[in-house]
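For reference, the chains in residue letters:
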Amino acid sequence: MSHDMFRHLRGVLDPIVPADVGTVAERGGDLLSDITDALRTDSRLLESVAARSYAHTNGFDRISLYNERDGPEVRIHLWWAGVPSDESIHNHAWDFSSLVLTGSLTFQILGQTTYGQSYDLYRSSMPAGGRPGDYEFTPMGDMSASVTFEATIAAGSFYRMDHDTYHRVLASPPSGAPLTATIVARGPVRRRFSQVLMPHGTPMPQRRSMRRLSGEEIVDKLDALRRDLK
């Protein structure tokens, strides 16, 4: 069951087709029940998921359900009510697709301009000997950028993003709702780094390690999401 489930998750958003989005939107609760049951009964599977999952300093939990080295990955992202979401502007080392399962989020796309805000540009990569959630930042000069597009999307909506696109997500669970959640499908790794923009003069550490989530935390968080999707 586990292999079939994760093969389905791998292909569910890449490429996106309406039928696939409908399947996830309509069966979100059932899928999460199957996933959490699999993690409860398979300690090795839970251990592998926990090794790749962490609480991101941008304000969300990043739970990696399925991963192929340098290949596709399927993740759940969770933003909780009351937890500040202060996501830095960044791009990625891969293309990705994201479907909102519950709640809502606003995302912004930024482009390089001559008249925009000034940012410090950093190259972000995993340090030698690092693990998922370990980041190393190298200064790369500066860059001016402005918001070129902004949209707020609700549960059942999706978007895709090219690896070179600078963007950020501003998640805001609706009033009275406990969380916003997305399922993210990452494409193959296209390069060994991403880039981060920070407002000019903002202190930036050379290295940063995220707090990793325990197996028990992961199951509890997915259970909470499953209940929210019922």
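Everything here concerns the structure above.
This is a predicted model, so every value here is computed, not measured. (Residues numbered from 1 in each chain as written. Predicted model: local features only at pLDDT ≥ 70, side-chain atom pairs only at ≥ 80, totals over all residues. Heavy atoms only, no water.)

Student: I'm lost on helix α3 (residues 43–51) in this one. Help?
Tutor: Turn by turn, an α-helix covers 3.6 residues, leaving residues three or four places apart pointing in a common direction. Three or more residues of α3 are buried, namely Leu45, Leu46, Val49 and Ala50. Axial view of α3: buried residues confined to an arc of 135 degrees, hence all on one face. Opposite its buried face, α3 presents the exposed residues Ser43, Arg44 and Glu47, each directed more than 90 degrees away. The N-cap residue of α3 is aspartate 42: its side-chain oxygen and the backbone nitrogen of arginine 44 are 3.2 Å apart. (Buried < 20%, exposed > 50% of the residue type's maximum accessible area, 1.4 Å probe, protein only. Helix = DSSP H or I, 4+ residues; strand = E, 2+ residues; numbered from the N terminus. Arc of directions from axis to C-beta. Polar contact = N/O pair within 3.5 Å; in protein donor to acceptor, adjacent residues only side chain to side chain.)

Student: Can you help me understand the packing of aromatic side chains in this one?
Tutor: For any two aromatic rings, the description comes down to two numbers: the centre-to-centre distance and the angle of the planes. Applying the stated criterion to the full structure yields five aromatic pairs. Measuring from centroid to centroid gives 5.2 Å for phenylalanine 60 and tryptophan 79, while their planes differ by 40 degrees, and the two rings are tilted. Remark: tryptophan 79 occurs in strand β3 (residues 73–80) and phenylalanine 60 occurs in strand β2 (residues 60–67); sequence separation between them is 19 residues. The interplanar angle of 80 degrees and the centroid separation of 6.1 Å between the aromatic rings of phenylalanine 96 and tyrosine 159 together place this pair among those described as edge-to-face. Highlighted residues: phenylalanine 96 in strand β5 (residues 96–102) and tyrosine 159 in strand β8 (residues 158–161), separated in sequence by 63 residues. A network of ring pairs unites the aromatic residues Phe96, Phe107, Phe149 and Tyr159 as a single cluster. The lysine or arginine in question, arginine 123, covers the ring of phenylalanine 193, its NZ or CZ lying 4.0 Å from the ring centre. A cation over an aromatic ring shows up here: arginine 191 above the ring of phenylalanine 193, its NZ or CZ 4.9 Å from the ring centre. (Phe/Tyr/Trp six-rings, centres within 6.5 Å; stacked < 30°, edge-to-face > 60°. Lys NZ or Arg CZ within 6 Å of the ring centre and 35° of its normal.)

Student: Hey, could you run me through the nonpolar core in this one?
Tutor: Side chains of nonpolar character tend, in soluble globular proteins, to be buried together. Judged by nonpolar contacts, the single largest core of 25 residues is most densely connected at Leu39, Ile63, Ile76, Ile218, Leu222 and Leu225. Elements that contribute at least two residues to this core include exactly α2 (18–41), α3, β2, β3, β5, β10 (179–186) and α4 (215–229). Sequence-distant contacts of isoleucine 218, defined by excluding residues within four places in its chain, comprise Leu39, Val49, Ala50, Ser53, Ile63 and Leu213. Of all hydrophobic cores here, the second largest spans 15 residues; its members include Trp94, Phe96, Ile153 and Met161. (Core = buried A, V, L, I, M, F, W, Y, C linked by side-chain atoms within 4.5 Å. Contact = heavy atoms within 4.5 Å.)

Student: How should I be thinking about the environment of serine 209 in this particular structure?
Tutor: By the element assignment, serine 209 lies in strand β12 (residues 207–209). Exposure remark for serine 209: the relative accessible area of 55% places this residue in the exposed category. Through-space distance from the C-alpha of serine 209 to that of arginine 131 is 8.8 Å; in sequence the pair is 78 residues apart. Residues in contact with serine 209, not counting those within four places in the same chain, are Gly133 and Asp134. Side chain to side chain, serine 209 and aspartate 134 meet in a polar contact 2.9 Å long.

Student: Can you walk me through the sheet that holds β3 in this structure?
Tutor: Across a sheet, paired strands are connected by hydrogen bonds in the backbone, their directions being either parallel or antiparallel. Pairing within the open sheet is antiparallel, and its seven strands lie in the order β8-β5-β10-β3-β2-β1-β13. Every interior strand has two partners, whereas the edge strands, β8 and β13 (211–212), have only one. Sheet topology note: the β5/β10 ladder contains six bridges and is antiparallel. Across the sheet, residue serine 97 finds its bridge partner in β10, namely alanine 185. With respect to the sheet, α4 is in contact with β2, β3, β5, β10 and β13, its orientation differing from that of β3 by roughly 75 degrees. (Pairing = 2+ DSSP bridges. Axes fitted to C-alpha atoms, helices over the stretch in contact; angles between N-to-C directions.)

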